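Each chain is listed here by its residues.
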Amino acid sequence: MKQVIVNPEKCVGCMQCMLACAAAHATSESLFAAVHETPKPRPRVHVGAGLFNQGFPNRCRHCDPAPCQLACLAGAIFRDAAAHTVFINPDRCINCASCAMACPYGVLRFHEEAAAPPGKTVAVKCDNCDARVARGQIPACAEVCKTGALVYDEMTHAMNEKTRQVARTMSSDAAAQGLPDTVALYNTLKQATMKAGAAIRR
Amino acid sequence: MKHLIIGNGIAGINAARAIREMDTSAAIFMVSDETFPPYSRPMISYVLEGSEPHEKLPLFAGNIYEDLDITPVLGHRVAHLDVKKKFVHLENGTDIDFQKLLIASGADARHIRVPGAELGNIFTMRTQKDVLDHLAAISLGIKNALVLGGGLVGFKAAHALLKRGIKVTMLITSAYPLAMQVDPTAGRMILKELQARGLSVKVGVSVSSFDGETRVKKACLDSGETLDCDLVIVGKGVDPSLGFIAENDIEIDYGILVDPYLCSSVSDIYAAGDAAESMDIARQKRWINAIWPEAAIQGRIAGYNMAGRKVACPGSLGRNVMRIFGLDVMTVGLANPDGADDLEIIQAGGEKAGVYRSLVFCRDILVGAVLVNQIEQGGILRAMIENRIPVRIPKAYLMSLHFDYSKLL
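Here's a quick rundown of the structure. Please read all numbers here as calculations on a predicted model, not as lab measurements.

Comments concerning the overall build of chain B
Thought 1: Assigned secondary structure in chain B consists of nine helices and 26 strands.
Thought 2: Taken over the C-alpha trace, chain B has a radius of gyration of 22 Å; the compact-globule value for 409 residues is 22 Å, and the two agree within 12%.
Thought 3: Seen through its C-alpha atoms, chain B measures out along the principal axes to roughly 65 × 60 × 40 Å.
Thought 4: Looking at chain B as a whole, 57% of its 409 residues qualify as buried.
Thought 5: The long-range share in chain B, meaning contacts at least 24 apart out of those at least 6 apart in sequence, stands at 61%.
Thought 6: When the accessible surface of chain B is split by element, carbon and sulfur atoms take 49% of a total near 17,100 Å².
Thought 7: Within chain B, one finds 43 positive and 47 negative side-chain charges whose respective centroids are separated by 4 Å.

A word on the packing of aromatic side chains
Thought 1: Going through the model one piece at a time under the given rule, you end up with four aromatic pairs over all chains.
Thought 2: Here the aromatic rings of Tyr 105 of chain A and Tyr 405 of chain B are separated by 5.0 Å at their centres, their planes lie at 70 degrees, and the arrangement is edge-to-face. Residue Tyr 105 of chain A is located in the loop between α4 (98–102) and β6 (109–111), and its partner Tyr 405 of chain B is located in the segment after α9 (395–399); the two belong to separate chains.
Thought 3: Considering the side-chain rings of Phe 36 of chain B and Tyr 39 of chain B, the 5.5 Å spacing of their centres and the 75 degrees angle between planes classify their relative orientation as edge-to-face.
Thought 4: Taking the relative accessible area as the measure of exposure, Phe 36 of chain B reaches 18% and is therefore buried.
Thought 5: Each residue in the set Phe 56 and Tyr 105 of chain A together with Tyr 405 of chain B is aromatic and connected to the rest through ring pairs, giving one cluster.
Thought 6: Looking at Arg 61 of chain A, its charged tip hangs above the ring of Tyr 105 of chain A, at a distance of 3.8 Å from the centre.
Thought 7: The ring of Trp 287 of chain B carries the charged tip of Arg 283 of chain B above its face, separated from the ring centre by 3.7 Å.

Here we look at the packing of helix α1 (residues 10–22) of chain B against helix α7 (residues 292–306) of chain B
Residue and element names in this part refer to chain B.
Thought 1: Between α1 and α7, whose axes approach to 7 Å, the crossing angle comes to 30 degrees. You can see that α1 and α7 cross each other, and the crossing is right-handed. Along the contact surface, α1 presents Ile 10, Ala 11, Asn 14, Ala 15, Ala 18, Ile 19, Glu 21 and Met 22, while α7 presents Trp 292, Ala 295, Ala 296, Gly 299, Arg 300, Gly 303, Tyr 304 and Met 306.
Thought 2: Of the residues contributing to the contact of α1 with α7, the split by class is 11 nonpolar, three polar and two charged.

Details of the pairing of strand β7 (residues 100–103) of chain B
Residue and element names in this part refer to chain B.
Thought 1: In β7, alternate side chains face the same way, and those of Lys 100 and Leu 102 on one face and Leu 101 and Ile 103 on the other are all buried.
Thought 2: As paired elements, strand β1 (residues 2–6) and β7 share four bridges and run parallel to each other. Paired with Leu 4 across the two strands is Leu 101, which belongs to β7.
Thought 3: Examined bridge by bridge, β7 and strand β19 (residues 269–271) share three bridges and lie parallel to one another. Within the sheet, the bridge partner assigned to Leu 101 lies in β19 and is Ile 269.

As for the sheet that holds strand β13 (residues 207–212) of chain B
Sheets are built from strands paired through backbone hydrogen bonds, the pairs being either parallel or antiparallel.
All names here are of chain B.
Thought 1: Here we have three strands laid out as an open sheet, ordered β13-β14-β15, and antiparallel in their pairing. Strands at the two margins of the open sheet, each flanked by one partner only, are β13 and β15 (226–228). Taking each pair of neighbouring strands and ignoring which way they run, the sheet shows an average axis angle of 25 degrees.
Thought 2: Sheet topology note: the β13/strand β14 (residues 216–221) ladder contains five bridges and is antiparallel. Bridge pairing links Asp 211 to Lys 218 in β14.

What about the sheet that holds β19 of chain B?
All names here are of chain B.
Thought 1: Read from one edge to the other, the open sheet built from five strands follows the order β3-β2-β1-β7-β19, with strand pairing classed as parallel. Only two strands of the sheet have a single neighbouring strand rather than two, namely β3 (70–74) and β19. Strand-to-strand twist of the sheet, defined as the mean angle between neighbouring strand axes without regard to direction, takes the value 20 degrees.
Thought 2: Where α1 meets the sheet, it contacts β1, β2 (27–32), β3 and β7, and its direction lies at approximately 175 degrees from that of β2.
Thought 3: Across the face of the sheet, α7 comes into contact with β1, β7 and β19 while running at roughly 170 degrees to β7.

Details of the pairing of strand β4 (residues 78–82) of chain B
All names here are of chain B.
Thought 1: One ladder, built from four bridges, connects β4 with strand β5 (residues 87–90); its direction is antiparallel. Along β5, the bridge assignment pairs His 80 with His 89.
Thought 2: Counting the residues between successive antiparallel strands, the hairpin from β4 to β5 contains four residues, one of them, Lys 86, with a positive phi of roughly 55 degrees.

The rules behind the values
- Residues numbered from 1 in each chain as written.
- Chains lettered and ligands numbered in written order.
- Predicted model: local features only at pLDDT ≥ 70, side-chain atom pairs only at ≥ 80, totals over all residues.
- Heavy atoms only, no water.
- Helix = DSSP H or I, 4+ residues; strand = E, 2+ residues; numbered from the N terminus.
- Rg over C-alpha atoms; globule rule 2.2 N^0.38 Å.
- Buried < 20%, exposed > 50% of the residue type's maximum accessible area, 1.4 Å probe, protein only.
- Contact = heavy atoms within 4.5 Å.
- Areas by Shrake-Rupley, 256 points an atom, 1.4 Å probe, with all protein chains shown as cover.
- Lys, Arg positive; Asp, Glu negative; His and termini not counted.
- Charge placed at Lys NZ, Arg CZ, Asp CG, Glu CD.
- Phe/Tyr/Trp six-rings, centres within 6.5 Å; stacked < 30°, edge-to-face > 60°.
- Lys NZ or Arg CZ within 6 Å of the ring centre and 35° of its normal.
- Axes fitted to C-alpha atoms, helices over the stretch in contact; angles between N-to-C directions.
- Left-handed = near helix turned anticlockwise from the far one by under 90°.
- Nonpolar A, V, L, I, M, F, W, Y, C, P; charged D, E, K, R; others polar.
- Pairing = 2+ DSSP bridges.

Shown next as structure tokens:
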């Protein structure tokens with residue numbers, strides 16, 4: 001079964017995944033119409049800035065067993081084993097934030113949502129774009145990602161790919177970690193800027 | 001294999017689920033005095049405040065006993081446990097034998113023992129039935145409510161009654177509610193928020209008697225003052241329900257002492273939830289963290305061990321998250337340490353900023369946290385406390401409102 005696989009080293013922090021995610025979860029499923037919707041759709045993937053200002057797309061891991069599911073006071077969080085997805089039932093959610101306290105990755109947000117009862121604040125997180133996948137599309141974040149930081153792939157295939165990349169770094173013709181040259185350069189520049197900034201402040 | 005589980009709270013239910021996951025043929029008996037289907041105990045305060053209906057309390061659609069092939073024995077308490085002959089004696093006279101026993105009997109609310117305490121409309125708040133009783137009293141019209149105790153139960157009761165527009169007076173011993181859960185800064189923010197919604201607080205006084213005919217009308221305080229009240233909720237804490245265990249049969253401190261596999265001092269007898277006393281991860285000593293998520297996890301782990309799959313419990317961790325009108329409060333571990341000799345406390349924000357956080361470190365290990373507002377990333381801090389991960393980045397980064405998982409990579 002395919003799933004969204006995160007390659008954090010390839011993230012340049014462009015946040016297109018966030019925009020695509022929000023649009024995909026809008027009633028209209030269109031970016032242009034989405035901005036006029038109430039409640040305004042919000043992303044479920046969150047791009048953070050690391051220590052060197054590198055991007056990191058923080059997405060629900062759909063853990064098994066899921067700590068949020070075990071902690072849910074209302075029995076609103078459940079797992080669809082076939083889809084490898086942890087879902088939140090907005091009708092059962094009581095907005096108690098117990099899931100936020102349980103999640104070790106900080107992926108939960110609380111707001112009104114198109115799919116929730118109108119006016120009700122509920123816990124919201126990634127649903128692996130189940131509606132899109134059911135139509136034969138791939139998750140919005142992976143579809144829009146330009147650098148391969150988010151890809152939709154079979155886990156075994158992605159693991160093999162990773163192994164091959166590591167193996168390649170041992171050869172004389174070391175194209176480092178399968179990272180596109182531009183992305184590698186961009187990350188190096190970011191690190192250099194941060195270090196230079198810190199040196200100047202000192 | 002015949003398993004017996006005392007208690008149908010979340011610890012008992014999760015143990016049964018874990019046993020069934022491992023062993024499809026084992027016999028599982030479950031004893032409880034509560035006849036209502038297994039429900040979410042923390043949700044009763046949402047029912048009291050009126051934001052969720054009573055019908056939403058059950059945790060499972062359908063009959064969980066049938067689905068898991070559990071033999072329920074409901075409506076009776078265990079009167080006596082015979083650890084040698086391995087059976088329990090119920091209050092109604094029946095005996096149930098077992099090969100493995102889980103004591104997930106939970107805890108009972110402490111009652112207040114003063115003259116007039118038997119009057120009507122004086123309640124505790126522990127079970128769904130308690131809240132139905134509160135609602136029945138409220139439906140007849142309540143003007144002034146009195147809440148005794150500023151702990152979690154007292155706070156939840158007061159918060160719920162205020163949401164219903166009922167005037168509430170709270171009697172507490174500390175200067176602010178939730179003194180066991182939060183530090184003074186967060187405590188003052190919470191107090192202010194509750195006072196703005198109509199809570200009045202009296203510090204350092206207690207009730208010496210209640211007055212009324214059939215129902216409570218007045219409370220007389222030890223300060224000589226009298227308070228008009230037509231509803232009283234007693235939040236004086238809970239005690240583990242262990243009355244059925246004879247002295248010295250099982251090692252008990254305040255709760256049943258358990259090893260990392262949640263086994264008591266007697267082999268084949270396990271304990272989980274509010275009745276179990278395990279190692280507190282933040283304090284590094286034995287403690288009962290009588291909270292629902294801990295009971296949920298312990299029940300599951302106890303169930304695996306009972307079914308023969310060795311799973312260790314890393315210990316328990318106190319934690320709470322509350323939405324208090326306009327404030328969101330999360331507190332984890334040693335949130336308000338006293339005598340902090342080798343502890344370092346870092347604080348930022350406060351009442352004016354509308355956001356506050358306080359982190360407690362023991363050298364490079366995070367051991368406690370209090371967050372007021374912007375609590376979404378609190379789970380990461382909770383995980384760092386629980387796993388005792390040394391903090392390798394500047395501690396100030398954890399304090400930042402922009403802190404997120406990417407800072408740890």
